[in-house]
Amino acid sequence: MKNNLICVLIGAPGAGKGTQAKNVANHFKCKLISTGDILRENVENKTVLGLEAKKYIDNGNLAPAQIVVSMIKNVIKSSIEKKDASDNNFLFDGFPRDLEQNKLFEQILAQLNLSIKAVIYINIEDDVVYERLTNRRVCPKCNRVYHLKFNPPKFDNLCDDCKVALITREDDKIDVIKKRLEVYKQLTEPLIEYYRKKNKVIEINGNKDAEEVLKDIISGINCAKQ
Ligand SMILES: [Zn+2]
């Protein structure tokens, strides 16, 4: 095995994974691989895999693991060929999402002579998730994100820049959050147990503010690297 830095970021919706992923990838010069982005790109570019995935997505289903993992494999392979991931360091955000994807993922990593160094688990309490997400508002014009308590707009419910009424994203409505949390617990949490047994989990307290969480993640990864 080469000494690559391959990390996976896991956390409930509202754990701030997306933002952390970008910052962590910058800090360690990892190529960030986000399943959401990759799926979108493949669908938009009408790749063979994208067209296949679209059939499922259009019917309100998730793209099958085999398709998602094949997309991921293509990205990893082309990054290695183009050398756009320094030392082949990768950070995965939102992937693998369950044991099924993980099994296929481990197979392709083994084929590429790579292995996971650490699974960063941002642990956040359900109450904190609800408080963060139900208070989130977004400007429909410029997409600026506000939080009614921690980062409110200057004028009641209006975007500071556009003066347009803020909206609640579909994903941030309470029933949707509840459903997303259930899915996360059922599908993704077993992955944490799986990697705990392999001693690869770095657990981070996600109830703190974003800057502290980032510091904890960076020091956790630095420990895992040694
Ligand atoms: Zn705006």
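Every chain is numbered on its own, with residues counted from 1 as its sequence reads. Local features are withheld for residues below a pLDDT of 70 in this predicted model, meaning they are given only at 70 or higher, and side-chain atom pairs are given and counted only at 80 or more; totals for whole chains, interfaces and linings count all residues. Just so you know, side-chain values use all the structure's heavy atoms and leave hydrogens and water out.

**Student:** Explanation requested: the coordination of the zinc ion in the structure shown.
**Tutor:** Perfect tetrahedral coordination of a metal by four donors corresponds to 109.5 degrees between them, and perfect octahedral coordination by six donors corresponds to 90 or 180 degrees. Each metal site is built from N, O and S donor atoms within 2.8 Å (3.2 Å for Na, K and Ca), and since water is not included, such sites may look incomplete. With distances of 2.3 Å, the protein atoms coordinating the zinc ion are Cys139 (SG), Cys142 (SG), Cys159 (SG) and Cys162 (SG). Given four donor atoms and angles of 105 to 113° at the metal, the environment of the zinc ion is assigned as tetrahedral. As a motif over one chain, the donors of the zinc ion read C-x2-C-x16-C-x2-C. Of this pair, Cys139 sits in the loop between strand 5 (136-138) and strand 6 (145-147) while Cys159 sits in the loop between strand 6 and helix 7 (174-197), and the two are 20 residues apart along the sequence. The burial state of Cys139 is the same as that of Cys159; both residues are buried. Irregular is the default label, applied whenever a site is not tetrahedral (four donors, all angles between 85 and 135 degrees) and neither square planar nor octahedral (four or six donors, opposite donors over 155 degrees apart, all other angles between 65 and 115). Each helix is a run of H or I in the DSSP string that is no shorter than four residues. Each strand is a run of E no shorter than two, and both are numbered from the N terminus. The cut-offs for exposure are 20% and 50% of the maximum accessible area for each residue type, with area from a 1.4 Å probe on protein chains only; residues under the lower value are buried, those over the upper are exposed, and the others partly exposed.

**Student:** How should I be thinking about unusual backbone geometry in this particular structure?
**Tutor:** Leaving glycine aside, a negative phi is the common case for residues, and trans is the common case for peptide bonds. Residue Phe95 is joined to Pro96 through a cis peptide bond whose omega torsion reads -10°. One can find Pro96 in the loop between strand 3 (90-93) and helix 5 (99-111). Although it is not a glycine, Asn143 adopts a positive phi angle of roughly 70°. As for its position among the elements, Asn143 is in the loop between strand 5 and strand 6. Residue classification places Asn143 among the exposed residues on the basis of a relative accessible area of 54%. Phi is positive for Asn199, close to 65°, though the residue is something other than glycine. Relative to the helices and strands, Asn199 is located in the loop between helix 7 and strand 7 (201-205).

**Student:** It is not clear to me how the environment of Arg40 should be interpreted in this structure. Could you clarify?
**Tutor:** By secondary structure assignment, the location of Arg40 is in helix 2 (residues 35-44). Judged by its relative accessible area of 49%, Arg40 falls in the partly exposed class. In sequence terms Arg40 and Gln20 are 20 residues apart; their C-alpha atoms lie 21 Å from each other.

**Student:** Would you take a moment to explain the environment of Ile202 for this structure?
**Tutor:** On the secondary structure map, Ile202 appears in strand 7. For Ile202, a relative accessible area of 14% gives the class buried. Residues Ile202 and Ala224, spaced 22 residues apart in sequence, show a C-alpha to C-alpha distance of 8.3 Å. For Ile202, the residues in contact, after removing those within four places along its chain, are Ala118, Val119, Ile120, Tyr121, Gly220, Ile221 and Ala224. Note on contacts: a residue pair is in contact if any heavy atoms of the two residues lie within 4.5 Å.

**Student:** What's the story with the packing of helix 3 (residues 48-58) against helix 4 (residues 65-82) in this structure? I'm lost.
**Tutor:** Between two packed helices, what matters for the description is the angle formed by their axes and the separation of those axes. In the contact formed by helix 3 and helix 4, the axes pass within 10 Å of each other and the chain directions differ by 150°. One finds that helix 3 runs roughly antiparallel with respect to helix 4. Here helix 3 runs over helix 4; the crossing is left-handed. Where helix 3 approaches helix 4, its residues Leu49, Gly50, Glu52, Ala53 and Tyr56 are matched on the opposing element by Ile67, Ser70, Met71 and Asn74. Under the scheme applied here, ten amino acids are nonpolar (Ala, Val, Leu, Ile, Met, Phe, Trp, Tyr, Cys and Pro), four are charged (Asp, Glu, Lys and Arg), and all others, including Gly, are polar. Among the residues forming the contact of helix 3 with helix 4, the class breakdown is five nonpolar, three polar and one charged. Here, axes are lines fitted to C-alpha atoms. For helices the fit covers the stretch in contact, and angles between N-to-C directions go from 0 to 180 degrees. Orientation is classified from the angle alone, with under 35 degrees giving roughly parallel, over 145 giving roughly antiparallel, 65 to 115 giving roughly perpendicular, and any other angle giving oblique. Left-handed is the label given to a crossing in which the near helix is rotated counterclockwise from the far helix by less than a right angle, and right-handed is the label when the rotation is clockwise.

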